[in-house]
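Survey of secondary and tertiary structure
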Amino acid sequence: MAQVSLRNISKVFSGGVKAVDKLSLGVENKEFMVLVGPSGCGKSTTLRMIAGLEDITEGQIYIGDKQVNDVPAKDRDIAMVFQNYALYPHMTAFENMAFGLKLRHYSKSEIIQRVNEAADILGIKHLLGRRPRELSGGERQRVAVGRAIVRKPLVFLFDEPLSNLDAKMRVQMRTEINRLHIRLQTTIIYVTHDQTEAMTMGDRIAVMKDGILQQLADPVTIYDYPVNKFVAGFIGSPPMNFMDGEVIKKDSRLYFDEGNIQVKLVEDMYQKVTPLIGKEVTFGIRSEDIYDKLFVSEAPPENIVRVNCEVVEPMGSEAYLYLNTGRHIFIARVGAHDRPKINQDIDVVFDMSKIHFFDKETEKTII
Ligand SMILES: Nc1ncnc2c1ncn2[C@@H]1O[C@H](COP(=O)(O)OP(=O)(O)OP(=O)(O)O)[C@@H](O)[C@H]1O
Ligand SMILES: [Mg+2]
């Protein structure tokens, strides 16, 4: 069993930088856990503490039932794959993959068997005789992953392993790592700043900001129920649209009033929203929850807003409209063939059952 448990771990670097702040996180056996967050939020530091490459300032780390705070990296039964591959340039792919096993005094036949098995899984058997400079970026990445696989570790740690690859290769390797996880049935902790990778790979996602865990949940929960404005804006592409405004009451109905546009709230939300009446709030709506009225057969008039279409970005399978209320610019994701003219005023419909409100001060989710 290889569950990993971080209990209130913090890391303060000399100089006083608090890179990780009281992080508690339980990774289950065989789980694919993704740590995601913007640059500098403490992802690599967390991973390096788990690997034993960095001292822990405070807190405990358990791998299985064992507290490993003072266990040296080489004895932690963990394999780490780095962003820059860190392959030995003078060694062949085979030698690179075999190196860690040699250091651990595995027999020659065992080494050959393990390297071949890993190469088979990764589809790189024909490349084993080549040196890194004779390999493409994607092939090097596979060798780096292979070097981790041959160790048959309890836990794999990946630190942005795909960020040096071009966009197409990244998508391909993403699927391969997913497949690898299913095949190897091991615990994986995977660090990325790319929310798409996080969404598509993680059984669960831990979103971090400034060394602090913001939310830990499965991808769909994170997307549908972000705990605060940061998570709401970080996960999802294009990011959630935010508008500051006020909740107002008219004829016993509640509306969000942005200043230039107004939309009626659904009654299900009244209970939570009533305390906000007359207060400044942040309204949030995802781009896919906004429709061009031309393509909606029936829309309640109170959910329709007139806005100026400033930019149209065709994406092939869909199009992004950049819409201006005069106070806020927001994005609607519409059908590929929906192509309003630039600078044209258009009517769009908000799906009011999908909206969010965030406290303007604390940025916590209200609904
Ligand atoms: N050895 C170090 N000494 C001092 N500060 C450090 C050290 N390593 C990292 N930091 C600081 O700790 C914070 C977290 O760094 P970390 O490398 O964990 O971020 P990250 O989330 O992995 O970012 P990125 O996405 O850019 O890789 C940053 O503010 C960084 O400057
Ligand atoms: Mg990093």
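Placed above this text is the structure.
Residues numbered from 1 in each chain as written. Chains lettered and ligands numbered in written order. Predicted model: local features only at pLDDT ≥ 70, side-chain atom pairs only at ≥ 80, totals over all residues.

On any regular strand, side chains alternate: one points to one face of the sheet, the next to the other face. Residues Ile78 and Met80 line one face of strand S6 (residues 78-81) and the alternating positions Ala79 and Val81 line the opposite face, and both faces are buried. Note that S6 and strand S7 (residues 155-159) share four bridges and pair parallel. Residue pairing for S7: isoleucine 78 is matched across the bridge by valine 155. (Buried ≥ 20, exposed ≤ 12 C-beta atoms within 10 Å, placed from the backbone. Helix = DSSP H or I, 4+ residues; strand = E, 2+ residues; numbered from the N terminus. Pairing = 2+ DSSP bridges.)

Between helix H2 (residues 93-103) and helix H3 (residues 108-122), the least distance of the axes is 10 Å, while the angle of their chain directions is 130°. Taken together, the axes of H2 and H3 are oblique relative to one another. In the crossing of H2 with H3, the sense of the turn from one axis to the other is right-handed. Of the residues in H3, those touching H2 at Phe94, Met97, Ala98, Leu101 and Lys102 are Ile111, Arg114, Val115 and Ala118. Of the residues assigned to the contact of H2 with H3, the class counts are seven nonpolar, no polar and two charged. (Axes fitted to C-alpha atoms, helices over the stretch in contact; angles between N-to-C directions. Parallel < 35°, antiparallel > 145°, perpendicular 65-115°, else oblique. Left-handed = near helix turned anticlockwise from the far one by under 90°. Contact = placed C-beta atoms within 7 Å. Nonpolar A, V, L, I, M, F, W, Y, C, P; charged D, E, K, R; others polar.)

Right, let's talk about the environment of glutamate 28 for a bit. With respect to the secondary-structure elements, glutamate 28 resides in the loop between strand S2 (18-27) and strand S3 (32-36). When the C-alpha atoms of glutamate 28 and threonine 187 are compared, they prove to be 7.3 Å apart, with 159 residues separating the residues in sequence.

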